[in-house]
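# Structural overview for review
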Amino acid sequence: MTSDDSRYEAVTSRDARFDGEFFFAVSTTGIYCRPSCPATTPKRMNVTFFPTAAAAQGGGFRACRRCRPDAVPGSADWNARADLVGRAMRLIGDGVVDREGVAGLASRLGYSARQVQRQLNAEVGAGPIALARAQRAHTARVLLQTTTLQAAEIAFASGFASVRQFNDTVREVYALTPGELRTARPGRSSRFGSVGTSDGGGGVPLRLAHRGPYAAAEIFDHLAVRALTGIEEMTGERGDRTYRRTLRLPNGAGIAEVRERTGDGWLECRLHLGDLRDLTTATQRMRRLFDLDADPHAVAERLGADPALAPLVARTPGLRAPGAADVHELAVRAVLGQQVSVAAGRRLGSALVTAYGAPLQVPSGALTRTFPDPGDLAEAGLDELGMPGSRRATLRTVAAALADGTIGLDPGADRDRAEKALLGLRGVGPWTAGYIRMRALGDPDVLLTGDVAVRAGMRQAGAEAVDAEAWRPWRTYAMQHFWNATADRHRVAAARRPNPASRMAAKPAQLTYTTKNTEGP
């Protein structure tokens, strides 16, 4: 979308592919909408386009009550971009401005607050305070419509400094009082909005929006075979599973539950939080884990142009690249996974959680702990893991670097700098650094050429490494297709075995093959 005329065409056709990529406002009604809004298309002369909801709000427009534009997926552009604006947008989405202020945001980015303000205003039409304010308003709406908390409690849980500021913002953004907004909860059949169905299960029910097709089975398969005892569990049958995990959050622990069965453009999620101030952070972490801000249409257009990748893209539309719910956890698990199978890495991770994880105050089913803090692991003996001394030393080195800030993996981290710093640690090679860059930092353009399964998938598909430049900036998704193809081949081979016992025995072999890498200790 490079011109207002092309944006208007998307509005006219109600093209949901562009929800979150831009917003449009109507001067005659004073509202702003997502491109797929079902309302009557306004005349072109009355339409103004904005890059963000905050920019539209800054222009004096309120959110449409019909299409709820504040609940759209995030722009995939912010995940792909490694510049100041992209990094800032990821940090603001994670709630950094609410926790640390604009000065904290600027410090993390390595720029002055004035530079950050100027760059954001120029590119997204709003500064960090306005962007954070729009996010607070959305959080407040979710809490008003999913809990019975008093307005004052919701005000502070949403990040507002005062009840008056909360009231004024809600009126300005939604043209409703907090009480009126609470009663305007979307109906069960509505396809718009981020508020899930309250079924008495407790917690905050959410709809995590995504754009385009979503290959839920594949990402739930990925999580199922890697689930660590104590902090993760997968319940239900394939196609109707629920993934549950514990979270370490800025203000306490939490539990997230996500259902595999997709709605009309969303995944159902329920968050159980020790402190509701963590709602925004927990939501964003689950969005990153499930790669919900991706643009599958752009990925398919680029990768589908390659003759070797085209059949894989057509076979699994909407394939996502799993991210991380906890970047420190992901980095530690990457070290545990060096040169071993998924099954072996899972056993090591589970042993680590049992030995060093912090117990939940109130266990929930199989969820009993949170993942160990890197500061604790930096001083731990790790003898319980039964790993070679060199691997334990690497794990402690990485944990210490995470704990003291030598390695920064927050959403706004400079990816090149982080990867270089990782490679400077003893025992960390290209596979581990690249894997962390891809999963923890959400880089959509990583290709692990040393991965055994990637090479096998490329051979199977007839792809050549020399073609990889044409896959940019979506090489991570190309790699995901190769991994998926390798796993499918082994799954089919295992299913054809006549002996059920040998079929069960084949499963670990599949896991071994699909994740081994050639990196040294």
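One structure accompanies this document, and this report is about it. (Residues numbered from 1 in each chain as written. Predicted model: local features only at pLDDT ≥ 70, side-chain atom pairs only at ≥ 80, totals over all residues. Heavy atoms only, no water.)

## Overview of empty space enclosed by the protein
According to the stated counting rule, one finds three cavities of 30 Å³ or more in the structure shown. Size it by volume and the largest cavity reaches roughly 300 Å³. Elements that contribute at least two residues to the lining of the largest cavity include exactly helix H3 (76-80), helix H12 (279-289), helix H20 (430-439) and helix H22 (475-495). Looking at which element gives the most residues to the lining of the largest cavity, the answer is H3, with three residues. Looking at the second largest cavity, its volume works out to about 40 Å³. (1 Å grid on protein atoms, 1.4 Å probe; cavity = no way out; pocket = protein on both sides within 12 Å on 5 of 7 lines; lining within 4 Å. Points joined across faces, edges and corners; volume = space filled by probe spheres on them. Helix = DSSP H or I, 4+ residues; strand = E, 2+ residues; numbered from the N terminus.)

## Comments concerning the environment of arginine 302
Positionally, arginine 302 belongs in helix H13 (residues 296-303). Residue arginine 302 is classed as partly exposed on the basis of its relative accessible area of 37%. As for arginine 302 and alanine 470, which are separated by 168 residues in sequence, their C-alpha atoms are 7.9 Å apart. (Buried < 20%, exposed > 50% of the residue type's maximum accessible area, 1.4 Å probe, protein only.)

## A closer look at the environment of aspartate 98
Considering the arrangement of structural elements, one finds aspartate 98 in helix H5 (residues 96-109). On the basis of relative accessible area, aspartate 98 is assigned to the partly exposed category, the value being 30%. Leave out the neighbours within four places in its chain, and aspartate 98 touches Ala132, Arg136, Ser158 and Gly159. A distance of 2.6 Å separates the side chain of aspartate 98 from the side chain of arginine 136, its partner in a polar contact. (Contact = heavy atoms within 4.5 Å. Polar contact = N/O pair within 3.5 Å; in protein donor to acceptor, adjacent residues only side chain to side chain.)

## Quick look at the sheet that holds strand E3 (residues 47-50)
Sheet architecture is open: four strands sit in the order E3-E1-E2-E4, paired in mixed fashion. Either end of the sheet is taken by a strand with one partner, and the two such strands are E3 and strand E4 (62-63). Judged from the three bridges that link them, strand E1 (residues 23-26) and strand E2 (residues 31-33) form a sheet pairing that is antiparallel. Looking at E2, one finds that alanine 25 is bridged to tyrosine 32. Strands E1 and E3 of the sheet are contacted by helix H1 (residues 4-12), whose axis makes an angle of about 105° with E3. (Pairing = 2+ DSSP bridges. Axes fitted to C-alpha atoms, helices over the stretch in contact; angles between N-to-C directions.)

## Section: the environment of valine 225
Along the chain, valine 225 falls in the loop between helix H11 (216-224) and strand E6 (232-235). In this structure valine 225 comes out as partly exposed when scored by relative accessible area, which is 27%.

## Section: the nonpolar core
In summary, soluble globular proteins display a tendency toward joint burial of nonpolar side chains. Grouped together as the largest cluster of nonpolar side chains are 62 residues, with contacts concentrated most on Leu352, Leu395, Trp471 and Phe482. Look past the residues within four positions of phenylalanine 482 in its chain and what remains in contact with it is Leu309, Leu312, Ala453, Val454, Gly457, Met458, Ala461, Ala463 and Trp471. Ranked by size, the runner-up nonpolar core spans 49 residues in total, among them Val142, Val170, Ile219 and Leu271. (Core = buried A, V, L, I, M, F, W, Y, C linked by side-chain atoms within 4.5 Å.)

From the geometry alone we can't say anything about function, so treat these as descriptive.
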